[in-house]
Amino acid sequence: MLHQLSWKVGGQQGEGIESTGEIFSTAMNRLGYHLYGYRHFSSRIKGGHTNNKINVRTSVVHTIPDDLDILVAFDQETIDVNYKELTSGGVILADAKFNPEKPEDCPATLYVVPFTEVAAELGTTLMKNMVAIGATAALLNLEDEVFQSVVDEIFGRKGETVVQKNMTAIAQGHVLMNDMLGDRVGAFELEQADGKHRMFMIGNEAIALGALAAGSRIMSAYPITPASEIMEYLIKKLPKFGGTVIQTEDEIAAATMAIGANYGGVRAFTASAGPGLSLMMEAIGLSGMTEQPLVIVDTQRGGPSTGLPTKQEQSDLMAMLYGTHGEIPKVVIAPSTGEEAFYDTIQAFNIAEELQLPVILLSDLQLSLGKQTVEPFDYSKIEIRRGKLELGELPEAEDKAYFKRFEVTEDGVSTRVVPGQKHGIHHVTGVEHDETGKPSEAAGNRKAQMDKRFRKLDHVNFNVPVFKNTPHEEADVLLVGFNSTKGVLEEIQPMLNEEGVKTNHAHIRLIHPFPTEEMKELIGHAKKVIVVENNATGQLANVIKMNISAHEKIISLVKYDGTPFLPKELLGRVKELLTDGNI
Amino acid sequence: MVTFKDFRNNVKPNWCPGCGDFSVQAAIQRAAANLEIVPHELAVISGIGCSGRISGYINSYGLHGIHGRALPIAQGLKMANRNLKVIASGGDGDGFAIGMGHTIHSIRRNVDITYIVMDNQIYGLTKGQTSPRSAAGFITKSTPGGAIEPSLKPLEVAISAGATFVAQSFSTDLKELTAIIEAGMNHKGFSFINVFSPCVTYNKVNTYDWFKENITKLSSLEGYDSSNRAQAMATVMEHDGLVTGIIYQDKEAQSYQDLVKGYHEEPLNQQDMMIEENDLQELMKEFM
Ligand SMILES: Cc1ncc(C[n+]2csc(CCOP(=O)(O)OP(=O)(O)O)c2C)c(N)n1
Ligand code: SF4
Ligand SMILES: [Mg+2]
């Protein structure tokens, strides 16, 4: 019996490929397996090859595998594009309708199954997906009932007959496949899972839920891949909590509207990707200068310009750290998994209010859209901290004396009041200003206010700035990454250790202000530091070098072809680096 | 009792003597006092330009943001606290050039705020370049041979974008301007008020005298009906936009806040932020 399985379904976009993957993975999730799914899709809506690869395991998994055990193909292109991933014991389940052909160098076994024909006999070719699921069930030795609850949910609204027909399609696919497989029935049977209830969600949903739990009640946003799911989720949920999503005319409006709402005392945020973030830069500067809290999610995708809108990349890092003109204090947070995305979103809102500054929550396409198993969130860990926000009664002021909203304090944070409060009147301006917000160009004041604003960065209250898995006191290699590469690094770390390379792993979750002391310590105990990232110029490696003087140790390992790192591929590249005399 | 003096702060405006913006400031202060708004319940959000400085000259909450973005900031603030009176204001460059997208969409969105444009047909702060409101042929630093582009017609744009309140005034006519701002602030929804506010330093064509000569007051037109959209459009076109008064108002329209699903009567910024444990469980279940 297997401990892990990789399954992929492919076909033309708009043909129901997504729902095939959904039904299979939801059923596996309910059995308690850990899953990690990644969709390959193009910017077209209809047509174009699409596929959905799902890694199923009895233990935690956060990565896409290199190999493939089962490929369900609804067209020849799916076979041609994906067959190289198949293992020699692998199988292709292909619809008889397109007369599938197996490439000569394909080691897997091809089964030609009449998916469409069986579905048509049952009344509609739409059910070919269900027949394919039944065929998969034969390979995994799953009972058809495993799919019942999922089918109920999807088709229940259409009535009992539709549900029944779909279940029949699964059953027929199963029987048909059993006959074809002969003694290979159940060849991919998995060990039993623990049956625990876990969530199966994309990173964007974890972020959206995090925002809701953090008390955010206004989201202003403009649609873009791969960020839109955040607004789409909240459009459905916020009204129940008195809040709303406003789809603005552009990202400049999205960011500035969020600033306005924060100024008014409501936690508001926006989410976008590179092109939108480029438009927001002036607003981010306004938030920094006027000390208005602001949370912005950047779901990185392939850049520059429109770039690779549906592909993985981590190339916005430098722009997020330094994009605005002039100098402002800013916090940049980069979660790696669904769980971290949820809790870090809450942390982002807390820090934005505590320190009254912009916080960028960095994600990447693989985290934002990759569907993964997520442990249920712990309610007791949700905490709302609003810092020096003073909503109570304020002391009476002298006539027309403005409130010192930008008072110079030891920690740089001033008492914050919001419009509507008696005795709280003050001015807010992006022009350099004095303690009451009135414009002032005086050199002494300028320095005092700049220093005050930057002092705030010494007080970032962030839980776990660096994720560490450091079994070795003195390591040969320290692997470093940020965002979604955590899974693949976790995957290769034990492989390297097994081969005798003492490997530690650090994943940076708080990128700015940089956790210099912590990283210095880790780097100090490693012979080499390999920084793994999805961009061309080694941005994280450069950020580390800017903060820590260990240049001779730092090796940059990059990939920028739009595809995520795969474990074996990465392992090979790391080993190559090490044999090149680097160790 | 609230008086306009309550809305004065101790900041001396750095506008040129004679600048039209002084009267706009005075009219806002008078209108707010007449409506018995207390200073801390008023917020003035302004853009960048000579005119943008206005939020710093009124004793109320105020935010002087970035060029062209007063409107989205003001809408965000109003959504956060629907009890506040929110005014957005700025120049013709701010609202009709860099911020034009927001102007049109704010009109469409109809959030209950008042937008006052100080229209001087020029860029004052940057020392005299052409504006979308400059007439064709207008000579400025950036159009030494005269502007080639025709001037933008903000009233026509506003009416066709679906504005529920459109008015125009002239900054020397403090009485009319104050009354219009009051009406705008009382209007349920987005009120758009364009104010001819001469720049005495850089615009030697559209002067106080020029406006006095060319303006027609709607109150002087017999039978003018500001609830008639077609008539409003026709009148504006007939007078090449040089009319003052309330041009169009739809008193029945519902504001954005009235239409948003689930949006509470009491301000959002006063509501409990923590979700119930039960709610979180329910939300998580949908992913299981
Ligand atoms: C993004 C950006 N671009 C350009 C400027 C420079 N700028 C400041 S005010 C202004 C135009 C001012 O004209 P208007 O809005 O009509 O205001 P006025 O000064 O006439 O009242 C310009 C171009 C800026 N501050 N920000
Ligand atoms: S330059 Fe023109 S708009 Fe600016 S303050 Fe002077 S008169 Fe007013
Ligand atoms: Mg102007």
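In this text the structure is predicted, and so the values were computed from the model without any measurement. (Residues numbered from 1 in each chain as written. Chains lettered and ligands numbered in written order. Predicted model: local features only at pLDDT ≥ 70, side-chain atom pairs only at ≥ 80, totals over all residues. Heavy atoms only, no water.)

## Describing the overall build of chain A
- Check the secondary structure of chain A and you find 18 helices and 21 strands.
- The C-alpha radius of gyration computed for chain A amounts to 26 Å, which stays within 12% of the reference 25 Å derived for 583 residues, consistent with globular compactness.
- Taking the principal axes of the C-alpha coordinates as reference, chain A spans close to 90 × 65 × 40 Å.
- The 583 residues of chain A split such that 64% are buried.
- For chain A, the proportion of contacts with a sequence separation of at least 24, taken over those separated by at least 6, is 74%.
- Working note: accessible area of chain A is about 20,800 Å², and carbon and sulfur atoms make up 50% of it.
- Across chain A, the centroid of the 55 positively charged side chains sits 4 Å from that of the 78 negatively charged ones. (Helix = DSSP H or I, 4+ residues; strand = E, 2+ residues; numbered from the N terminus. Rg over C-alpha atoms; globule rule 2.2 N^0.38 Å. Buried < 20%, exposed > 50% of the residue type's maximum accessible area, 1.4 Å probe, protein only. Contact = heavy atoms within 4.5 Å. Areas by Shrake-Rupley, 256 points an atom, 1.4 Å probe, with all protein chains shown as cover. Lys, Arg positive; Asp, Glu negative; His and termini not counted. Charge placed at Lys NZ, Arg CZ, Asp CG, Glu CD.)

## Regarding the nonpolar core
- Grouped together as the largest cluster of nonpolar side chains are 96 residues, with contacts concentrated most on A:M519, A:I544 and B:I247.
- Counting residues per element, this core draws most heavily on helix α2 (residues 70–80) of chain B, at seven residues.
- Not counting residues within four places of it along the chain, the set of residues in contact with A:M519 comprises A:V466, A:V480, A:A506, A:I508, A:F514 and A:I548. (Core = buried A, V, L, I, M, F, W, Y, C linked by side-chain atoms within 4.5 Å.)

## Brief notes about unusual backbone geometry
- Omega for the peptide link from A:G303 to A:P304 comes to -10°, which places this bond in the cis form.
- Position of A:P304 among the secondary structure elements: in the loop between β11 (294–300) and α11 (317–322).
- The step from A:H512 to A:P513 runs through a cis peptide bond, and the omega angle for that step is 0°.
- In this structure, B:N110 is a non-glycine residue whose phi angle is positive, near 65°.
- Within the secondary structure, B:N110 is located in the loop between α4 (100–109) and β4 (114–119).
- Despite not being glycine, B:D240 has its phi angle at roughly 50°, a positive value.
- Along the chain, the position of B:D240 falls in the loop between α8 (229–238) and β8 (243–249).
- Among the residues examined, B:D240 registers a relative accessible area of 51% and is labelled exposed.

## A few points about the pattern of salt bridges
- Scanning all chains against the criterion turns up 37 salt bridges over all chains.
- In this structure, the salt-bridge partner of A:R198 is A:E375, at a minimum N-O distance of 2.8 Å. You can see A:R198 sitting in the loop between α6 (160–181) and β7 (199–202) and its partner A:E375 sitting in the loop between β14 (371–374) and β15 (427–429), a full 177 residues away along the chain.
- On the basis of relative accessibility, which here comes to 34%, the residue A:E375 falls in the partly exposed class.
- Of the charged contacts, one joins B:K217 and B:D173 as a salt bridge, the two residues approaching to 2.9 Å between their closest N and O atoms. One end of the pair, B:K217, is in strand β7 (residues 216–217); the other, B:D173, is in the loop between β5 (165–170) and α6 (174–186), and 44 residues separate them in sequence.
- One network of salt bridges, with partners in common, ties together A:R267, A:E353, A:R386 and A:R416. (Salt bridge = Lys/Arg side-chain N within 4 Å of Asp/Glu carboxyl O.)

## Overview of the interface of chain B and chain A
- Tallying the contact residues gives 58 residues for chain B and 67 residues for chain A.
- For the pair chain B and chain A, the summed buried area comes to about 5,300 Å², and 66% of that belongs to carbon and sulfur atoms.
- When the buried area of chain B at its contact with chain A is split by residue, B:Y61, B:M273 and B:F287 rank highest and sum to 17% of it.
- Where chain B packs against chain A, one counts two salt bridges.
- With a shortest N-O distance of 2.9 Å, A:K237 and B:E286 are connected by a salt bridge. (Buried area = accessible area lost by both parts, 1.4 Å probe.)

## Digging into the packing of aromatic side chains
- Considering all chains together, one arrives at 16 aromatic pairs over all chains under this definition.
- Ring geometry for A:F342 versus A:Y343: centroids 5.1 Å apart, planes at 80°, classification edge-to-face.
- Looking at A:F342, the relative accessible area reads 0%, which means it is buried.
- Seen in terms of ring centroids, B:Y115 and B:F190 are 6.3 Å apart; in terms of plane orientation they differ by 45°. Their pairing is tilted. Note that B:Y115 is positioned in strand β4 and B:F190 in the loop between α6 and β6 (191–196), a separation of 75 residues in sequence.
- Judged by relative accessible area, B:Y115 falls into the buried class, the value being 2%. (Phe/Tyr/Trp six-rings, centres within 6.5 Å; stacked < 30°, edge-to-face > 60°.)

## Focus on the coordination of the magnesium ion (ligand 3)
Residues and elements named next belong to chain B.
- For the magnesium ion (ligand 3), the full set of protein donor atoms is D92 (OD), N120 (OD1) and I122 (O), and the range of their distances to it is 2.0 to 2.2 Å.
- All donors of the magnesium ion (ligand 3) belong to a single chain; written as a sequence motif, their spacing is D-x27-N-x1-I. Separated by 30 residues along the polypeptide, D92 in helix α3 (residues 92–98) and I122 in the loop between β4 and α5 (154–160) bring together distant segments of the chain. Side by side, D92 and I122 carry an identical accessibility label, which is buried. (Donors = N, O, S within 2.8 Å, 3.2 Å for Na, K, Ca; no water.)

## Thoughts on the UniProt feature "domain: Thiamine pyrophosphate enzyme TPP-binding" (unreviewed entry) in chain B
- In the numbering used here, UniProt assigns the "domain: Thiamine pyrophosphate enzyme TPP-binding" (unreviewed entry) feature to residues 48–195 of chain B.
- Between the end C-alpha atoms of residues 48–195 of chain B the distance is 17 Å, and the span holds 32% helix and 19% strand. (UniProt positions renumbered as here; feature names shortened; annotations may be inferred.)

## Some points on helix α7 (residues 203–213) of chain A
- Here α7(A) lies mainly inside the structure; eleven of its eleven residues are buried.
- What α7(A) keeps buried is the set A:G203, A:N204, A:E205, A:A206, A:I207, A:A208, A:L209, A:G210, A:A211, A:L212 and A:A213.

## Details of the domain arrangement of chain A
Residue and element names in this part refer to chain A.
- Domain boundaries in chain A define domain 1 (4–184), domain 2 (200–381) and domain 3 (466–582).
- On a C-alpha basis, the centroid separation for the pair domain 1 and domain 2 is 34 Å.
- Each partner contributes to the interface: domain 1 provides 15 residues, whereas domain 2 provides 16 residues.
- Each partner contributes to the roughly 1,300 Å² buried at the junction of domain 1 and domain 2, and carbon and sulfur atoms together form 52% of this total.
- At the boundary of domain 1 with domain 2, the tally comes to one salt bridge.
- Connecting domain 1 to domain 2 are six residue pairs in polar contact (both at pLDDT 80 or more).
- Taken together, the elements giving at least two residues each to the side of domain 1 that touches domain 2 come down to α1 (17–30) and β2 (34–40).
- Sort the elements by how many residues they give to the side of domain 1 that touches domain 2 and β2 lands first, with six residues.
- Considered class by class, the residues forming the side of domain 1 that touches domain 2 number six nonpolar, eight polar and one charged. (Domains from an automatic or database assignment. Polar contact = N/O pair within 3.5 Å; in protein donor to acceptor, adjacent residues only side chain to side chain. Nonpolar A, V, L, I, M, F, W, Y, C, P; charged D, E, K, R; others polar.)

## Brief notes about the site of ligand 1
- Neighbouring ligand 1 are 17 residues, the closest being B:C50, B:S51, B:D92, B:G93 and B:D94.
- Near ligand 1, residues from chains A and B are present, making the site a shared one.
- Between B:C50 and ligand 1, the recorded distance is 2.8 Å, taken from a backbone N or O atom to an oxygen atom.
- At a separation of 2.7 Å, an oxygen atom of ligand 1 approaches a polar side-chain atom of B:S51.
- Computed on the free molecule, ligand 1 has an accessible area of 590 Å², of which 76% lies beneath the protein chains in the complex.
- In terms of residue count, α3(B) provides more of the shell around ligand 1 than any other element does, four residues in total.
- Its residues assigned to classes, the shell around ligand 1 comprises six nonpolar, eight polar and three charged. (Near = heavy atom within 4 Å.)

## Examining the sheet that holds strand β13 (residues 358–364) of chain A
Residue and element names in this part refer to chain A.
- With mixed pairing, the seven strands of this open sheet are ordered in space as β9-β8-β10-β11-β13-β12-β19. Either end of the sheet is taken by a strand with one partner, and the two such strands are β9 (244–247) and β19 (510–512). Shown here is a sheet whose adjacent strand axes are inclined to one another by a mean of 25°, direction ignored.
- As judged from the two bridges shared by strand β12 (residues 331–333) and β19, these two strands associate in the antiparallel manner. Paired with I333 across the strands is L510, a residue of β19. (Pairing = 2+ DSSP bridges. Axes fitted to C-alpha atoms, helices over the stretch in contact; angles between N-to-C directions.)

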